[in-house]
Amino acid sequence: MTKSAAEAITKADAIMSLKPHAKWSMSGDVVTWLDSSQTEPTASEIDAELTRLRTEYTNKEYQRKRRIAYPDIGDQLDDLYKKGAFSDDMAAKIQKVKDDNPKE
């Protein structure tokens, strides 16, 4: 059985989220804390962060689907330009770029 993308978020991801600049290592599931300037997160803190990260990932699925479904940003901007939706100043800047770099 394959893991879901949310399940692929690991204990290491949770630790990095909780303590982004900490020094530590991990072998299997055992964490060795190497940073005397920060306290090691507890198992319950790590578990809570793991749950939070997985929930956040799952809840943002619509964003990932939209990102690949939207037309390319260049196409969106070109359409707005052609429809006259930009200010005169911005339209002039875009036209200059087009004039300076004509299609061949």
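Just above, that's the structure.
Each value, and the rule that gives it
- Residues numbered from 1 in each chain as written.
- Predicted model: local features only at pLDDT ≥ 70, side-chain atom pairs only at ≥ 80, totals over all residues.
- Heavy atoms only, no water.
- Core = buried A, V, L, I, M, F, W, Y, C linked by side-chain atoms within 4.5 Å.
- Buried < 20%, exposed > 50% of the residue type's maximum accessible area, 1.4 Å probe, protein only.
- Helix = DSSP H or I, 4+ residues; strand = E, 2+ residues; numbered from the N terminus.
- Contact = heavy atoms within 4.5 Å.
- Salt bridge = Lys/Arg side-chain N within 4 Å of Asp/Glu carboxyl O.

(A) Expanded view of the nonpolar core. In this structure, Ile 9, Ala 12, Ala 14, Ile 15, Ala 22, Trp 24, Val 31, Trp 33, Ile 46, Leu 50 and Leu 53 together form the largest nonpolar core, which totals 11 residues. Looking at this core, the elements with two or more residues in it are helix 1 (11–18), strand 2 (30–33) and helix 2 (43–59). Once you skip the residues sitting within four places of it in the chain, Trp 24 turns out to touch Ala 12, Ile 15, Met 16, Val 31, Thr 32, Trp 33 and Leu 34.

(B) View of the pattern of salt bridges. This model, assessed by the stated rule, comprises 10 salt bridges. Its salt-bridge partner being Glu 61, residue Lys 65 comes within 3.3 Å of it at the nearest N-O pair. Of this pair, Lys 65 and Glu 61 both sit in helix 3 (residues 61–69), separated by four residues, roughly a single helical turn. The closest approach of N and O atoms between Asp 78 and Lys 98, which form a salt bridge, is 3.0 Å. Placement of the pair is Asp 78 in helix 4 (residues 73–82) and Lys 98 in helix 5 (residues 88–100), with a sequence separation of 20 residues. Counted as one network, the salt bridges with shared partners bring together Glu 49, Arg 52, Glu 56 and Lys 60.

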